[in-house]
Every structure is written in structure tokens, then in C-alpha cells.
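Secondary and tertiary structure notes
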Amino acid sequence: AMAGRFVLMAGALEGVASVPNFAARLREEEKASQVVVDINAQMAEAVFAVDQLRENNAGDSQVSTAQLRVDGLSARYRRALEERAALQRTLVAAIRQGGGQALDDDSLLFVAQWVDRRLRSDPQALASVQASAGILRDLARRSAQAGTGTPFQPQAAPQQNMPQNMPQGAAQNGAAGGTHM
């Protein structure tokens with residue numbers, strides 16, 4: 001069970017890391033979210049004003065005018081919600097293309113926002129996000145092996161551009177000619 005969760009999270013991280021213009025897309029979604037919040041606040045004030053007018057037995061024309069404002073804000077609010085949802089669906093689709101197929105939309109958005117907070121403090125953190133995905137996949141593999149009772153067997157690291165005369169085992173041990181003790 002844990003191995004599966006690690007794989008799901010690794011896929012989500014890989015998906016987020018693969019999104020082109022990730023930061024700009026998230027800023028756009030955040031702006032749309034702020035518009036939703038702002039209109040909602042205006043609508044709450046307008047509804048309160050209508051209620052106050054009704055309590056104070058204001059004239060029908062005053063109440064009707066105030067209600068028209070509420071109706072207009074309500075329509076703007078629905079449009080703003082739809083625009084934000086469209087941006088979120090587009091972002092989630094981009095994340096899924098890069099590997100985050102298994103998690104639900106809200107979880108993918110949460111991971112995207114988590115990654116974004118890391119990138120804001122360190123723009124070079126994307127490499128760490130990608131490395132984290134690799135670590136989670138390795139942890140999943142090890143967890144699955146432990147669950148089956150199979151002893152852990154490290155995967156051989158790819159040996160690229162290794163000199164032909166390097167002693168056997170030197171690549172794994174980090175030395176040019178022997179083992180570390």
C-alpha cells in the first residue's frame with residue numbers, strides 16, 4: 001500500500017515538474033482565485049445592504065436597485081468561478097500529461113501549490129522536485145520488495161563514460177582504485 005502511495009506522489013511531482021511555464025500558469029490561477037474572493041466579498045456587502053433596506057422598510061425602488069446590484073455581482077461571481085475552474089482544469093491536464101494521472105484534481109492542485117511555494121523561495125528547486133520523485137520511486141520499489149520478503153537489491157547505477165581501465169567496483173565506491181572502509 002505504501003509503495004503505491006509513493007508512486008502516486010512521484011507521478012504527481014514529475015507531472016508538476018514537466019508543466020511548461022508552470023509559475024506563470026499558477027500566477028494566472030491565483031489571480032483568478034483572488035477575483036473570485038473579491039467578488040464574493042462585494043456580493044456579501046451587497047446582500048447585507050439589501051437586507052438592511054428591507055429591515056428599514058425602504059422603498060421598493062431602493063430595494064429593487066440594490067437587488068439588481070446583487071444579481072449583477074452574482075452573475076460576475078459565477079463567471080469568475082467558471083474562469084478559475086477552466087484554468088485549474090487546464091493546469092491539471094498539463095500535470096496529467098507529465099505523469100500525474102493517478103491523483104484527483106484537488107490533490108494535483110495541492111501538489112502544484114506546494115511545489116510553487118518551494119520554487120518561490122528557491123527558483124532552482126525544480127531539480128530537487130525531480131530528484132524527490134526519483135527518491136519516492138526508489139522508496140516504493142524498496143517498500144514493495146520488503147513487503148514480499150525479498151531482500152533489498154540495489155539497482156546498478158548506469159555507468160556512463162567510465163574509463164576502461166578503472167578497477168571493478170570503483171564506480172560504486174566512488175574511488176579510482178579500491179574500496180572505502
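A short tour of the structure in this document, coming up. (Residues numbered from 1 in each chain as written. Predicted model: local features only at pLDDT ≥ 70, side-chain atom pairs only at ≥ 80, totals over all residues. Heavy atoms only, no water.)

1. Details of the overall build of the chain
- Within the chain, the regular secondary structure consists of six helices and zero strands.
- Mapped in sequence order, the helices and strands of the chain form the string α-α-α-α-α-α.
- Each of the 181 residues in the chain was classed as buried or not, and the buried ones make up 25%.
- For the chain, contacts bridging at least 24 residues in sequence account for 67% of all contacts bridging at least 6.
- In the structure as shown, the chain presents an accessible area of about 11,900 Å², 54% of it carried by carbon and sulfur atoms. (Helix = DSSP H or I, 4+ residues; strand = E, 2+ residues; numbered from the N terminus. Buried < 20%, exposed > 50% of the residue type's maximum accessible area, 1.4 Å probe, protein only. Contact = heavy atoms within 4.5 Å. Areas by Shrake-Rupley, 256 points an atom, 1.4 Å probe, with all protein chains shown as cover.)

2. Observations regarding helix H5 (residues 126-148)
- Look at H5: 34 Å from first C-alpha to last across 23 residues, which is about the 33 Å you get at 1.5 Å a residue.
- Along H5, the positions that sit buried rather than exposed are Val-129, Ala-133, Leu-136, Ala-140, Arg-141 and Gln-145. (Expected span 1.5 Å × (residues − 1).)

3. Thoughts on the packing of helix H3 (residues 60-97) against helix H4 (residues 105-121)
- Here H3 crosses H4 at 85°, and the two axes come no closer than 10 Å. One finds that H3 runs roughly perpendicular with respect to H4. Facing Gln-88, Leu-91, Val-92, Ile-95 and Arg-96 of H3, the residues of H4 in contact are Asp-105, Leu-108, Leu-109 and Ala-112.
- A breakdown of the residues in the contact of H3 with H4 according to their chemical character gives six nonpolar, one polar and two charged. (Axes fitted to C-alpha atoms, helices over the stretch in contact; angles between N-to-C directions. Parallel < 35°, antiparallel > 145°, perpendicular 65-115°, else oblique. Nonpolar A, V, L, I, M, F, W, Y, C, P; charged D, E, K, R; others polar.)

4. A look at the environment of Leu-73
- Position of Leu-73 relative to the elements: it lies in helix H3.
- Separated by 32 residues in sequence, Leu-73 and Ala-41 place their C-alpha atoms 9.9 Å apart.
- Residues contacting Leu-73, with those up to four places away along its chain left out, are Ile-39, Gln-42, Met-43 and Ala-46.

5. Quick word on the nonpolar core
- Leu-13, Val-16, Phe-22, Ile-95 and Val-115 are the most contacted members of the largest nonpolar core, which has 26 residues in total.
- Elements supplying a minimum of two residues to this core: helix H1 (2-17), helix H2 (22-55), H3, H4 and H5.
- Top element by residues in this core is H1. It accounts for seven residues.
- For Leu-13, the contacting residues outside a window of four places in its chain are Val-111, Trp-114, Val-115, Val-129, Ser-132, Ala-133 and Leu-136.
- Of all hydrophobic cores here, the second largest spans nine residues; its members include Val-36, Val-70, Leu-73 and Ala-80. (Core = buried A, V, L, I, M, F, W, Y, C linked by side-chain atoms within 4.5 Å.)

6. With respect to unusual backbone geometry
- A positive phi angle is found at Asn-21, which is not glycine, with a value near 55°.
- Mapped onto the secondary structure, Asn-21 falls in the loop between H1 and H2.
- Phi at Asn-57 is positive, roughly 55°, even though this residue is not glycine.
- If you trace the backbone, Asn-57 turns up in the loop between H2 and H3.
- For Asn-57, a relative accessible area of 69% translates into the label exposed.

7. Some words on the pattern of salt bridges
- In this structure the tally under the stated criterion is eight salt bridges.
- For the salt bridge of Arg-120 with Glu-30, the shortest nitrogen-to-oxygen distance reads 2.7 Å. With Arg-120 in helix H4 and Glu-30 in helix H2, the pair connects residues that are 90 residues apart, well separated along the chain.
- According to the relative accessible area criterion, Glu-30 is partly exposed, its value standing at 31%.
- With its nearest N and O atoms 2.3 Å apart, the salt bridge here joins Arg-141 to Asp-138. (Salt bridge = Lys/Arg side-chain N within 4 Å of Asp/Glu carboxyl O.)

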